[in-house]
Amino acid sequence: MSSQVAIQAPAFFEQMNQLVVSNNHDAVNQFKIEIQKRSQSDDVEAYLARGMLARLEGDIEALDANYQHAIAAISAKHVYALAIYAKCLTPFGFFSQAADLMRQAFDLSPNTYLDDAIHFYGLAGHFHQVGKLLKRWDKMSTDKAHPFSQLAREVIEFMDEKNVSDADLEGLINLSMSILRQYQLSIAAPINISLLEDEDGKWFHYGIPLHELSVEKMVELDFELADKIADEKLSTNLTAYFIPTFEMLGD
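The rules we used
- Residues numbered from 1 in each chain as written.
- Predicted model: local features only at pLDDT ≥ 70, side-chain atom pairs only at ≥ 80, totals over all residues.
- Heavy atoms only, no water.
- Helix = DSSP H or I, 4+ residues; strand = E, 2+ residues; numbered from the N terminus.
- Buried < 20%, exposed > 50% of the residue type's maximum accessible area, 1.4 Å probe, protein only.
- Areas by Shrake-Rupley, 256 points an atom, 1.4 Å probe, with all protein chains shown as cover.
- Salt bridge = Lys/Arg side-chain N within 4 Å of Asp/Glu carboxyl O.
- Polar contact = N/O pair within 3.5 Å; in protein donor to acceptor, adjacent residues only side chain to side chain.
- Contact = heavy atoms within 4.5 Å.
- Expected span 1.5 Å × (residues − 1).
- Pairing = 2+ DSSP bridges.
- Axes fitted to C-alpha atoms, helices over the stretch in contact; angles between N-to-C directions.
- Phe/Tyr/Trp six-rings, centres within 6.5 Å; stacked < 30°, edge-to-face > 60°.

Caption draft 1: Fine view of the overall build of the chain. Counting secondary structure elements, the chain contains twelve helices and three strands. The buried share of the chain, taken over its 251 residues, is 47%. Summed over all atoms, the accessible surface of the chain reaches about 12600 Å², with 49% contributed by carbon and sulfur.

Right under this line is the structure:
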């Protein structure tokens, strides 16, 4: 593993990163001229600029195309680009890709990006991978447990109890995200991951918050997701105990 430190992103990309993280569509226009100027070449920063603009405009195809070009051209010099691009991918549910990018960034810069890699692998359903990375966290941050540690341990135990693998859970999450992208929707807030329990038992809850949708449309999406899961003929333990749902923002 490289011992390089993280290279600071240029000021322009720091500003754009803040827009991406805050979902600030209103401020995009003021950056369009600068983005277009930077987009004329075929280097990493040009692809990154085009990808960030695609993210803010909700253009998934353009985001994916520029993502592929950027990754092909990436180097340790542009480690910040991996992290920024990962954040561009998450509102559309490309969690596995985002997690892999953050892991690459962490490998290039071991003092940075581990927190995001842990978080994104959790969003992707790769909790056993989260468990491995949390061991790295504990070695690097002996004075502070990661906020995800307790939940991750409980989820891993539950997955093992129900014989559900990371790949199984990732597949279920990807089914949910395919519906989201089908209707060109984006995730409005952090995913709500929890283990819930009542008198009938325990289950893994994966709430996907959306906004600007009617209650009727939200219910329609949940029924469509249930039908899609049934059509896939997934394992009984997976579908009975691991429940993804679309939720109104603020629920």
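Caption draft 2: Here's a closer look at the pattern of salt bridges. What the rule picks out here adds up to three salt bridges. Among the salt bridges present, the one from Asp107 reaches Arg103, with a minimum N-O distance of 3.1 Å. Residue Asp107 and its partner Arg103 are located together in helix 6 (residues 95-108), separated by four residues, close to a single helical turn. Relative accessible area serves as the criterion here: at 28%, Asp107 is assigned to the partly exposed category. Close ionic contact of Glu220 with Lys217 constitutes a salt bridge, the shortest N to O distance being 3.3 Å. Of the two residues, Glu220 and Lys217 are both situated in helix 11 (residues 215-232); the distance of three residues between them amounts to about one turn of the helix. By relative accessible area, which is 42% here, Glu220 ends up partly exposed.

Caption draft 3: Local environment of the side chain of Glu247. Structurally, Glu247 can be placed in strand 3 (residues 242-248). Side-chain polar atoms of Glu247 contact the side chain of His205, separated by 2.7 Å. Engagement of the side chain of Glu247 in a polar contact is seen with the side chain of Thr245, the distance being 3.5 Å. With residues near it in sequence (within four places) discarded, Glu247 still touches Asn192, His205, Gly207, Ile208, Pro209, Leu210 and Met218.

Caption draft 4: Helix 9 (residues 149-161), seen in detail. The terminal C-alpha atoms of helix 9 lie 18 Å apart, and with 13 residues this matches the ideal 18 Å at 1.5 Å per residue to within 8%. For helix 9, the full list of buried residues reads Ser149, Leu151, Ala152, Val155, Ile156, Phe158 and Met159. As for helix 9, its buried residues are in contact with helix 8 (127-140), helix 10 (166-182), strand 1 (192-198), strand 2 (201-210), helix 12 (236-241) and strand 3. Asn163, located one to two residues past helix 9, shows a positive phi value of around 55°.

Caption draft 5: Here's a closer look at the sheet that holds strand 1. A sheet is described by the order of its strands in space; here three strands give the open sequence 1-2-3, paired in mixed fashion. With one partner strand each, in any of the chains shown, strand 1 and strand 3 form the two edges of the open sheet. Between one strand axis and the next, the sheet turns by 35° as a mean value, whatever way the strands run. Pairing geometry for strand 2 and strand 3, over seven bridges, is parallel.

Caption draft 6: Here's a closer look at the packing of aromatic side chains. Tallied over the full model, the rule gives six aromatic pairs. Arranged with centres 6.3 Å apart and planes meeting at 85°, the rings of Phe158 and Tyr241 form a pair that is edge-to-face. A residue pair is termed long-range when its members are at least 10 positions apart, and Phe158 in helix 9 and Tyr241 in helix 12 qualify at 83 residues. On the accessibility criterion, Phe158 (3% relative accessible area) is buried.

Caption draft 7: Local environment of the pairing of strand 2. In terms of burial, strand 2 is a largely internal element, seven of the ten residues being buried. The pairing of strand 1 with strand 2 spans seven bridges and is classified as antiparallel. Across the sheet, residue Ser194 finds its bridge partner in strand 2, namely His205. With antiparallel pairing between neighbouring strands as the criterion, strand 1 and strand 2 make up a hairpin whose turn holds two residues.

Distances and angles like these do not, on their own, reveal function.
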